[in-house]
Amino acid sequence: MNHGTALLWKRRALSSLSATRRGLPKEKMSENGMVSRAKVLTIDTMNPTVKKVEYAVRGPIVQRAVELERELSEGMKKPFAEVIKANIGDAHAMGQQPITFFRQVLALCSYPELLNDSTFPEDAKSRAHRILQSCGGNSMGSYSASQGIDSVRQDVARYIERRDGGVHCDPDDIYLTTGASDGIVTMLKLLMCGEGAARTGVMISIPQYPLYSAALAELGAVQINYYLNEEKCWSMDISELQRALDEARQYCNPRALCIINPGNPTGQVQSRECIEDVIRFAAKERLFLMADEVYQDNVYADGCQFHSFKKVLFEMGPEYSNTVELASFHSTSKCYMGECGFRGGYMEIINMDDDVKAQLTKLVSVRLCPPVPGQALMDLVVNPPQPGEPSYDNFIKERTATLSTLAEKAKLTEQVLNTVQGISCNPVQGAMYSFPRITIPEKAIKEAMDIGQQPDMFYCMKMLEETGICLVPGSGFGQKDGTYHFRMTILPPTDKLQILLNKVKEFHQKFTHQYS
């Protein structure tokens, strides 16, 4: 048989197979008699891990809030005049004002002609000039090195050394990131390996920030839940960590432990003693530590103080500082900055294997570089105006005012919610959220289950439809069975927050009466 005849027989054999068996999309007849091919990418043929991803902070209730906003704009009558999105920690969207110095420098970097404008202070011009000199072509529109601009990484390292009382920081251990989320997902990618009972497991707190569960679902990793102690202000308990770890070792290979401090959504600030216990636990069980520290400036409660995991690790001595592997994360999106849209952040890695570090550098190079404006902003956060510089007094005034107002609103939220029968709110020690526990009547629980909703989703959806307030149900973050919560940001202006809290109070009373 010659080559041409063989090809002919192959074509005939293929044509006798169905399109499905050949991996091709099926053809179907349309109403006008034309043959149309089905989609190549369908819900059945897409990546199955993506379908497992859930992100409650921007989930169904937020989608409904957007619909309600549109309906209001079209003149539809509602029991409320506006939708209040208290579901997310988007500070500027909620009215928090940006820091003047940061925006001045970013404006100068974006449009260098302004360097000739006498209305800008000299320290802002000096800072902008230094940043631009570090950019290719002296333009913030150029790519940077994949690990980030060298001078920015050096400034981050110096900031960490000041923060941690002189503990050495190598700029080569700093990776600038697209917000903290980018760094967290990148580290989780490095940790993933194995199949079946050898598959990587990652320990995350419950309640947790849904980035973690979403990333683990997408990566096909095993989520290992450990529960924070609500009765003790959402504290961590080593015995609970041990329980979760021992159970997980029956079906996966636990390799990492994630901590959010200060906590999201729970607002707790971990004590130094607790952090030491966690480090000892990680060392004993050979776990890679991931410390999400994006709220490190947001500490409000008396007696509470932020302690970085790195500082505590090194103060515990070489037994731990030379062996425990740690990645810590920070961002421009929270604290007093609230610059979520610039997507600036960094991660620092400690005790990482050199060969793995080379792979990490390779991995981040695939996405070329983090946004350069975000890198510039990160530089300003870690290297703000210094005493004696023209912008220093105003910077301190704005920074102090923002953090003081957040502390007042944290206290106000706790006080008002705790006046409501059926709502119990722990002190908001830090971060930007309250996570109160709510009592839902049995009748409401049954109605929710009958329509396939979690009871706290049912509660929050009812609140949205009746008051225009958009909150995130606790089920989106994880919670102990039989308990119900919601997360509410403390970011709205004080007068609007007071109105919001009063509406929550009125709704809960009405809801409880309706379903009693």
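Since the structure is predicted, the reported quantities are computational estimates derived from the model, not experimental observations. (Residues numbered from 1 in each chain as written. Predicted model: local features only at pLDDT ≥ 70, side-chain atom pairs only at ≥ 80, totals over all residues. Heavy atoms only, no water.)

**Digging into the overall build of the protein**
- On a plain count of helices and strands, the protein comes out with 18 helices and 16 strands.
- A compact globule built from 516 residues should have a C-alpha radius of gyration of about 24 Å, and the protein, at 26 Å, falls within 12% of that.
- Overall size of the protein, expressed as C-alpha extent along the three principal axes, is 90 × 65 × 55 Å.
- Within the protein, contacts between residues separated by at least 24 positions form 70% of all contacts whose residues are at least 6 apart in sequence.
- Counting only carbon and sulfur atoms, one obtains 51% of the accessible surface of the protein, whose full area is about 24,100 Å².
- Between the mean site of the 56 positive side-chain charges and the mean site of the 61 negative ones, the protein shows a separation of 8 Å. (Helix = DSSP H or I, 4+ residues; strand = E, 2+ residues; numbered from the N terminus. Rg over C-alpha atoms; globule rule 2.2 N^0.38 Å. Contact = heavy atoms within 4.5 Å. Areas by Shrake-Rupley, 256 points an atom, 1.4 Å probe, with all protein chains shown as cover. Lys, Arg positive; Asp, Glu negative; His and termini not counted. Charge placed at Lys NZ, Arg CZ, Asp CG, Glu CD.)

**Thoughts on helix H3 (residues 60–73)**
- Over its 14 residues, H3 extends 20 Å from the first C-alpha to the last, a length consistent with the 20 Å expected when each residue adds 1.5 Å.
- Listing the buried residues of H3 in full gives Ile61, Val62, Arg64, Ala65, Leu68 and Glu71.
- Note on H3: the residue one or two positions beyond its end, glycine 75, has a positive phi of about 95 degrees. (Expected span 1.5 Å × (residues − 1). Buried < 20%, exposed > 50% of the residue type's maximum accessible area, 1.4 Å probe, protein only.)

**Observations regarding the sheet that holds strand E6 (residues 222–227)**
- The strand order across the open sheet formed by seven strands is E4-E10-E9-E8-E7-E5-E6, and the pairing between neighbours is mixed. The open sheet has two free edges, formed respectively by strand E4 (174–178) and E6, since each of these has just one partner strand. For this sheet, the mean angle separating the axes of adjacent strands, direction not counted, is 25 degrees.
- As defined by bridge partners, E4 adjoins strand E10 (residues 344–350) across five bridges and the pair is classed as antiparallel. Looking at the pairing, leucine 176 lines up with tyrosine 346 of E10.
- The strands touched by helix H7 (residues 179–191) within the sheet are E4, strand E5 (200–206), strand E7 (253–260), strand E8 (288–292), strand E9 (326–331) and E10, with E4 carrying the most contacts at an inclination of about 115 degrees. (Pairing = 2+ DSSP bridges. Axes fitted to C-alpha atoms, helices over the stretch in contact; angles between N-to-C directions.)

**A word on the UniProt feature "domain: Aminotransferase class I/classII large" (unreviewed entry) in the protein**
- Per the UniProt entry, the sites bearing "domain: Aminotransferase class I/classII large" (unreviewed entry) are residues 121–503 in this numbering.
- When the span residues 121–503 is considered, its composition is 43% helix and 15% strand, and the gap between its end C-alpha atoms is 44 Å. (UniProt positions renumbered as here; feature names shortened; annotations may be inferred.)

**Quick look at the domain arrangement of the protein**
- Domain annotation of the protein identifies domain 1 (3–46), domain 2 (54–95 + 395–514) and domain 3 (146–382).
- One C-alpha centre belongs to domain 2, the other to domain 3, and the line joining them spans 27 Å.
- Domain 2 puts 34 residues into the contact, and the matching count from domain 3 is 35 residues.
- Between domain 2 and domain 3, roughly 2,800 Å² of surface is buried when both sides are summed, and carbon and sulfur atoms account for 57% of that area.
- Between arginine 399 and aspartate 297 there is a salt bridge, and its shortest N-O distance comes to 3.6 Å.
- In this assembly, domain 2 and domain 3 are joined by 14 residue pairs in polar contact (both at pLDDT 80 or more).
- Listing elements by their share of the side of domain 2 that touches domain 3, those giving two or more residues are helix H15 (392–417) and strand E12 (433–434).
- With seven residues, H15 is the largest single contributor of residues to the side of domain 2 that touches domain 3.
- Its residues placed into classes, the side of domain 2 that touches domain 3 shows 17 nonpolar, eleven polar and six charged. (Domains from an automatic or database assignment. Buried area = accessible area lost by both parts, 1.4 Å probe. Salt bridge = Lys/Arg side-chain N within 4 Å of Asp/Glu carboxyl O. Polar contact = N/O pair within 3.5 Å; in protein donor to acceptor, adjacent residues only side chain to side chain. Nonpolar A, V, L, I, M, F, W, Y, C, P; charged D, E, K, R; others polar.)

**Overview of the sheet that holds strand E15 (residues 472–473)**
- Across the sheet, three strands lie side by side as E12-E16-E15; this open sheet has antiparallel pairing. Each having just a single partner strand, E12 and E15 make up the two edges of the open sheet.
- In terms of strand pairing, E12 meets strand E16 (residues 486–489) through two bridges, oriented antiparallel. Each residue of the ladder has a partner; that of tyrosine 433, found in E16, is threonine 489.

**Regarding the pairing of E10**
- Of all the seven residues making up E10, seven are buried; the element is thus mostly covered by neighbouring parts of the structure.
- Alternating positions in E10 separate into two faces, Gly344, Tyr346, Glu348 and Ile350 on one and Gly345, Met347 and Ile349 on the other, with burial throughout.
- Of the strand pairs in this sheet, E9 and E10 are connected by six bridges, and their pairing is antiparallel. Following the sheet pairing, histidine 330 is matched in E10 by tyrosine 346.

**What about the nonpolar core?**
- Counting 77 residues, the largest nonpolar core has Phe102, Val156, Met187, Met290 and Tyr336 as its most contacted members.
- When residues of this core are sorted by domain, at least three fall in each of domain 2 (54–95 + 395–514) and domain 3 (146–382).
- Residues in contact with methionine 187, not counting those within four places in the same chain, are Phe288, Met290, Ala327, Phe329, Met347, Ile349 and Met352.
- With 39 residues, the next largest nonpolar core counts Val62, Ala444, Met463 and Ile469 among its residues. (Core = buried A, V, L, I, M, F, W, Y, C linked by side-chain atoms within 4.5 Å.)

**Let's talk about the pairing of E8**
- Buried residues dominate E8, accounting for five of its five residues.
- Judged by which residues are buried, E8 turns out to be covered on both faces: Phe288, Met290 and Asp292 on one side and Leu289 and Ala291 on the other are all buried.
- Pairing of E7 with E8, which is carried by five bridges, proceeds in the parallel orientation. Paired with isoleucine 260 across the two strands is aspartate 292, which belongs to E8.
- In this fold, the crossover linking E7 to E8 by way of helix H10 (residues 272–285) has right-handed handedness. (Right-handed = clockwise from strand over helix to strand, strands pointing away.)

**Quick look at the pattern of salt bridges**
- On inspection of all chains with the given rule, the structure shows 34 salt bridges.
- For aspartate 164, the salt bridge is made with arginine 163, and the minimal N-O distance between the two is 2.8 Å.
- What makes aspartate 164 buried here is its relative accessible area of 2%.
- Where salt bridges share partners, they join Arg272, Glu276, Asp277, Arg280, Lys311 and Glu315 into one cluster.

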